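Here is how the chains run, residue by residue.
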Amino acid sequence: MSDEASAPEQLVVNFIALLPLTVGVQIPLVQSIDASADSGAARSFFGSLRRFAASHGAAALWRGHVAFWLHDACATRAKAALRRAVRRQALAAPPTAGYLLATALAADVGAALLLAPLDLVRTRLMAQSTDPHSRKYANPVDALLTIASEEGWSALYNSKTMVPRAILETVLSIDQFGIPLFLVQVAGLDPVASPLVYKSVRFAMGMTLSLITLPLETVINRMQSQVVPKRGTKIARFRTCVPTDQVPYKDMHDCIDRVVREEEVALKKRDKKGTGRSALYRAWQGAFMANLFVALFQDSFDVVF
């Protein structure tokens, strides 16, 4: 199936299936750990999802749908343009697997950095209060202009999130393109002849990469949910649908360190054993669902080639 034919269908599938999953993953990532220390069930992915839907309604799982669609559509089109370019060159000289992967990595990281403002807007719209009277942003355009006005245009390309974002997109690109290339060209697995084995290994490797992506997503979402106004600027408070940490993070390492320490304090309060690093994997159940969805319905082997 061509990219032109599959892209609209993929956008519909992403909207119906992945948007509520994305919201469900982002809520526990953004939520302050201390705020949920009294409820172990609310700290898990499904616990947070049930509590969020019960408090705000099931329709809230599709909040920020316009920003989600814009970001998804732009990313899909950019990747489709890359694939066409690779295929045109392949007509003259078939590219190597390394060339395909390197091209995909460069394009994905470049597109992610370029679309960082849309991702920021998407996160803010998903995280803001569901109360119409407490919402800071009316729509994606209003969010974009408000952020630029209150926090400065540089906030749209926050340098604090660029490094974790670049690392995250590199790993996600490896997950989308590198794993299928490895399984077919190195491991010799045929997705047509042995679909069950191929998809099982695909899922297992995707979950392994989640050990890297989940902490990075935690850092990015937490930083994006914080409003840091320009000096001397008084702004309306950004009210979120769940309690968040209001003290700005200095950088990626500071964010990880504070999340881990907050989790350790929360565990002591609840008289529970465990490590603070578990807070970086609060959305592992969401990652499980997402990787299962990709392995079953979004095999990218045919896209790569």
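Because the structure is a prediction, the values reported are computed rather than measured.

## Points about the packing of aromatic side chains
1) Next: Counted under the stated rule, the structure contains 2 aromatic pairs.
2) Next: Here the aromatic rings of Tyr-137 and Phe-238 are separated by 5.6 Å at their centres, their planes lie at 45°, and the arrangement is tilted. Here Tyr-137, found in the loop between α6 (116–127) and α7 (140–151), pairs with Phe-238, found in the loop between α9 (195–224) and α10 (252–269); they are 101 residues apart in sequence, far enough to count as distant. The pair formed by Tyr-137 and Phe-238 is uniform in burial state, with each residue classed as buried.
3) Next: Judged by centre distance (5.1 Å) and plane angle (85°), the ring pair of Phe-203 and Phe-288 falls under edge-to-face. One end of the pair, Phe-203, is in helix α9; the other, Phe-288, is in helix α11 (residues 284–297), and 85 residues separate them in sequence.
4) Next: What makes Phe-203 buried here is its relative accessible area of 18%.
5) Next: When the ring centre of Phe-238 is taken as reference, the NZ or CZ atom of Arg-124 above it lies at 5.6 Å.

## A word on a nonpolar patch on the surface
1) Next: A cluster of nonpolar side chains, namely Trp-284, Phe-288, Met-289, Leu-292, Leu-296 and Phe-297, defines an oily patch on the protein surface of about 580 Å² accessible area.
2) Next: Counting through the fold element by element, Leu-296 comes out in helix α11.
3) Next: Overall, Leu-296 belongs to the partly exposed group, its relative accessible area being 42%.

## A few points about helix α8 (residues 159–186)
1) Next: With 28 residues, α8 ought to run about 40 Å at 1.5 Å a step, and its terminal C-alpha atoms sit 37 Å apart, in line with that.
2) Next: Considering bend angle alone, the principal kink of α8 is centred on Gly-178 and spans about 40°; proline Pro-180 follows within four residues of it.
3) Next: Immediately downstream of α8, the backbone of Gly-188 shows phi near 75°, a positive value.

## Observations regarding the nonpolar core
1) Next: In terms of nonpolar packing, the biggest core is built from 12 residues, these being Leu-168, Leu-216, Val-219, Ile-220, Met-223, Tyr-249, Met-252, Cys-255, Val-259, Val-260, Ala-279 and Leu-280.
2) Next: Going through the elements one at a time, α9 and α10 are the ones with two or more residues in this core.
3) Next: Among all residues touching Met-223, those that are not within four sequence positions of it are Lys-160, Thr-161, Tyr-249, Asp-251, Met-252 and Cys-255.

## Remarks on the pattern of salt bridges
1) Next: Under the counting rule described, the total for this entry stands at 9 salt bridges.
2) Next: The residue Glu-151 makes a salt bridge to Arg-124 at a minimum N-O spacing of 3.0 Å. Taken together, the residues span a long stretch of sequence, with Glu-151 in helix α7 and Arg-124 in helix α6 at a distance of 27 residues. Accessibility assignment for this pair places Glu-151 and Arg-124 in one class, buried.

## Details of the packing of α6 against α9
Packed helices, taken two at a time, are described by the angle their axes make and the gap between the axes.
1) Next: Where α6 meets α9, the axes come as close as 9 Å, and the angle between the chain directions of the two elements is 75°. Between α6 and α9, the crossing angle belongs to the class labelled roughly perpendicular. Judged by residue contacts, Asp-119, Leu-120, Thr-123 and Arg-124 of α6 engage Ile-220, Asn-221 and Gln-224 from α9.
2) Next: Here the contact of α6 with α9 is composed, by residue class, of 2 nonpolar, 3 polar and 2 charged.

## Digging into the confidence of the model for the chain
1) Next: Looking at the chain, the pLDDT average stands at 78 and 71% of residues meet or exceed 70.
2) Next: No element of the chain has a lower mean pLDDT than helix α12 (residues 301–304), at 46, and none a higher one than α7, at 93.
3) Next: Here residues 1–6 is a poorly scored stretch, pLDDT under 50, and it has 7 contacts once near neighbours within four places are set aside; other chains count.
4) Next: Confidence over residues 300–305 falls short of pLDDT 50; this stretch has 19 contacts with residues more than four positions distant or in other chains.

## A few points about the packing of α8 against α9
1) Next: Across the interface, α8 lies against α9 with an axial gap of 9 Å and an inter-helix angle of 175°. Judged by the inter-axis angle, α8 sits roughly antiparallel to α9.
2) Next: Residue composition of the contact of α8 with α9, grouped by class: 20 nonpolar, 5 polar and 5 charged.

## Brief notes about the layout of surface pockets
1) Next: If you add up the space inside the second largest pocket, you get close to 370 Å³.
2) Next: Along the wall of the second largest pocket there are 21 residues; nearest its centre are Glu-151, Ala-155, Asn-158, Lys-160 and Val-228.
3) Next: Elements supplying a minimum of two residues to the lining of the second largest pocket: α6, α8 and α9.
4) Next: Ranked by the residues each element gives to the lining of the second largest pocket, the list is headed by α8, at 5 residues.
5) Next: Looking at the lining of the second largest pocket residue by residue, the class counts come to 11 nonpolar, 6 polar and 4 charged.

The rules behind each value
- Residues numbered from 1 in each chain as written.
- Predicted model: local features only at pLDDT ≥ 70, side-chain atom pairs only at ≥ 80, totals over all residues.
- Heavy atoms only, no water.
- Phe/Tyr/Trp six-rings, centres within 6.5 Å; stacked < 30°, edge-to-face > 60°.
- Helix = DSSP H or I, 4+ residues; strand = E, 2+ residues; numbered from the N terminus.
- Buried < 20%, exposed > 50% of the residue type's maximum accessible area, 1.4 Å probe, protein only.
- Lys NZ or Arg CZ within 6 Å of the ring centre and 35° of its normal.
- Patch = residues over 30% accessible without salt bridge, like charges linked within 9 Å, V, L, I, M, F, W, Y side chains within 5 Å.
- Areas by Shrake-Rupley, 256 points an atom, 1.4 Å probe, with all protein chains shown as cover.
- Salt bridge = Lys/Arg side-chain N within 4 Å of Asp/Glu carboxyl O.
- Expected span 1.5 Å × (residues − 1).
- Bend = angle between axes of the 7 residues up to and from the residue.
- Core = buried A, V, L, I, M, F, W, Y, C linked by side-chain atoms within 4.5 Å.
- Contact = heavy atoms within 4.5 Å.
- Axes fitted to C-alpha atoms, helices over the stretch in contact; angles between N-to-C directions.
- Parallel < 35°, antiparallel > 145°, perpendicular 65-115°, else oblique.
- Nonpolar A, V, L, I, M, F, W, Y, C, P; charged D, E, K, R; others polar.
- pLDDT = per-residue confidence, 0-100.
- 1 Å grid on protein atoms, 1.4 Å probe; cavity = no way out; pocket = protein on both sides within 12 Å on 5 of 7 lines; lining within 4 Å.
- Points joined across faces, edges and corners; volume = space filled by probe spheres on them.

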